[in-house]
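Residue-level structural notes
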Amino acid sequence: MARIIVIGGNFAGLTSALELRRKLGHGHEIIMFSKSPNFLFVPSLIWLPFGKRQLKDITVPLKPLAAKARVQFICSEITEILAKDRFIRCGDKDFEYDYLIIATGPEWIFDQITGLSLNSNVVVYRHSRNGAGN
Ligand SMILES: Cc1cc2nc3c(=O)[nH]c(=O)nc-3n(C[C@H](O)[C@H](O)[C@H](O)COP(=O)(O)OP(=O)(O)OC[C@H]3O[C@@H](n4cnc5c(N)ncnc54)[C@H](O)[C@@H]3O)c2cc1C
């Protein structure tokens with residue numbers, strides 16, 4: 001029996017965990033880690049600042065989703081991956097794995113563009129050929 005660890009509980013991580021369970025059956029252990037307890041429908045984040053959606057409208061708790069698929073869910077941040085020895089570190093706990101899926105998503109590095117730090121209040125507006133801004 002192999003132990004598969006998935007880091008991330010959103011589009012890539014949750015899909016990986018559920019698809020692995022569906023395709024592999026129940027002969028292998030699947031553990032999904034996410035630092036958030038919820039699946040977040042990221043594309044709808046854009047509606048939050050305009051009050052068109054609330055956070056509860058675009059999030060779904062991961063625990064019942066994982067439980068239904070018999071995927072173990074641990075809501076914790078992975079702080080280290082020690083690939084040579086095949087284990088991940090989560091605070092003061094280590095978890096060994098046979099296979100690891102890293103689905104932690106992108107991270108913005110605003111400071112890479114001069115003037116575009118998080119507190120700069122800069123709005124990037126590009127004018128397209130048909131006149132619509134995006
Ligand atoms: C406003 C907006 C609109 C978008 N619209 C579209 C669209 O219309 N169509 C489209 O295809 N895409 C769209 N995207 C892009 C799409 O949302 C992303 O491509 C998608 O969210 C990436 O999914 P992911 O699972 O790879 O990463 P993420 O959604 O970023 O999820 C990362 C996961 O990893 C977890 N995680 C991260 N670090 C750790 C750690 N150290 N330990 C444990 N867990 C960790 C997080 O908790 C989270 O569960 C949009 C994005 C934005 C911001």
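Just above sits the structure.
Read on for an overview of the structure.

Rules behind the numbers
Per chain, residues are indexed from 1 in the order of the written sequence. The model is predicted, so local features are restricted to residues of pLDDT at least 70 and side-chain atom pairs to those at 80 or more, both for listing and for counting; the totals for chains, interfaces and linings are taken over all residues. Neither water nor hydrogens contribute to the side-chain values; these are computed over all heavy atoms in the structure. We count a stretch as a helix when DSSP gives it H or I for four or more residues in a row; a strand needs E for two or more, and each element gets its number in order from the N terminus. Note on exposure labels: buried denotes an accessible area under 20% of the residue type's maximum, exposed denotes more than 50%, and partly exposed covers the range between, all computed with a 1.4 Å probe on protein chains only. It only takes one pair of heavy atoms within 4.5 Å for two residues to be counted as in contact. The Shrake-Rupley method, run with a 1.4 Å probe, gives the accessible areas here. Residue values count only the displayed protein chains as cover. For Phe, Tyr and Trp, rings pair up if their centres lie within 6.5 Å, where Trp contributes its six-membered ring, and each pair is then called stacked (planes under 30 degrees apart), edge-to-face (over 60) or tilted (otherwise). Salt bridges are counted wherever a side-chain nitrogen of Lys or Arg sits within 4 Å of a carboxyl oxygen of Asp or Glu. Residues are classed as near a molecule or strand on a simple rule: at least one heavy atom within 4 Å of it. In protein, a polar contact means a hydrogen-donor-capable atom and an acceptor-capable atom, both N or O and within 3.5 Å, with residues adjacent in sequence counting only if both atoms are side-chain atoms; elsewhere, any N or O pair within 3.5 Å suffices. Only Asp, Glu, Lys and Arg are considered charged, only Ala, Val, Leu, Ile, Met, Phe, Trp, Tyr, Cys and Pro nonpolar, and every remaining residue, Gly among them, polar. Two strands form a pair only when DSSP identifies at least two bridges running between them. By nonpolar core we mean a set of buried residues, namely Ala, Val, Leu, Ile, Met, Phe, Trp, Tyr and Cys, connected to one another through side-chain atoms within 4.5 Å.

Description of the overall build of the protein chain
Looking only at helices and strands, the protein chain features two helices and nine strands. From first element to last, N terminus to C terminus, the protein chain shows the α and β order β-α-β-β-β-α-β-β-β-β-β. Out of the 134 residues in the protein chain, the part that is buried amounts to 25%. Residue pairs in contact within the protein chain that sit at least 24 positions apart in sequence constitute 57% of those at least 6 positions apart. By element, 56% of the accessible surface of the protein chain is carried by carbon and sulfur atoms, the whole surface being about 9900 Å².

So, the packing of aromatic side chains
As enumerated under the stated definition, the model contains three aromatic pairs in all. When the centroid spacing of 5.7 Å and the interplanar angle of 70° are considered together, the rings of Phe-11 and Phe-41 count as edge-to-face. In this pair, Phe-11 is assigned in helix α1 (residues 11–24) and Phe-41 in the loop between β3 (38–40) and β4 (59–61), connecting sequence segments 30 residues apart. Taking relative accessible area as the criterion, Phe-11 reaches 38% and is therefore assigned partly exposed. Both rings, one in Phe-33 and one in Phe-95, keep their centres 5.0 Å apart while their planes meet at 75°; by these two values the pair is edge-to-face. On the criterion of sequence distance, the pair formed by Phe-33 in strand β2 (residues 29–34) and Phe-95 in strand β8 (residues 93–96) is long-range, its members being 62 residues apart. Each member of the pair, Phe-33 together with Phe-95, is buried. Taken together through their ring pairs, the aromatic side chains of Phe-11, Phe-39 and Phe-41 make up a single cluster.

Some details on the pattern of salt bridges
Charged atoms that come close allow side chains of opposite charge to pair. Inspection of every chain in the model, using the stated rule, returns six salt bridges. Between Arg-89 and Glu-80 there is a salt bridge, with its nearest N and O atoms 3.5 Å apart. Since its relative accessible area comes to 24%, Arg-89 is described here as partly exposed. Taken together, the shared-partner salt bridges connect Glu-19, Arg-22 and Lys-23 into one network.

Section: the site of the ligand
Taken together, 18 residues lie near the ligand, and Gly-9, Asn-10, Ala-12, Ser-34 and Ile-78 sit nearest. Separating an oxygen atom of the ligand from a side-chain N or O atom of Asn-10 is a distance of 2.9 Å. In isolation the ligand has 1000 Å² of accessible area, and contact with the protein removes 60% of it. Broken down by class, the residue content of the shell around the ligand amounts to eight nonpolar, eight polar and two charged.

Considering the pairing of β8
Inspection of the sheet shows strand β7 (residues 87–90) paired to β8 by four bridges, in the antiparallel sense. Among the inter-strand pairings, Phe-87 is bridged to a residue of β8, identified as Glu-96. Hairpin connection of β7 to β8: two residues between the antiparallel strands, including Gly-91 at a positive phi of 65°.

Considering the nonpolar core
The nonpolar side chains of a soluble globular protein tend to be buried, and buried together. Residues Ile-4, Val-6, Leu-14, Ala-17, Ile-30, Met-32, Phe-39, Leu-62, Ala-66, Ala-69, Val-71 and Phe-73 constitute the largest nonpolar core, which totals 12 residues. Core analysis: the next-biggest nonpolar cluster, separate from the first, contains 10 residues, Ile-7, Ile-31, Ile-78 and Cys-90 among them.

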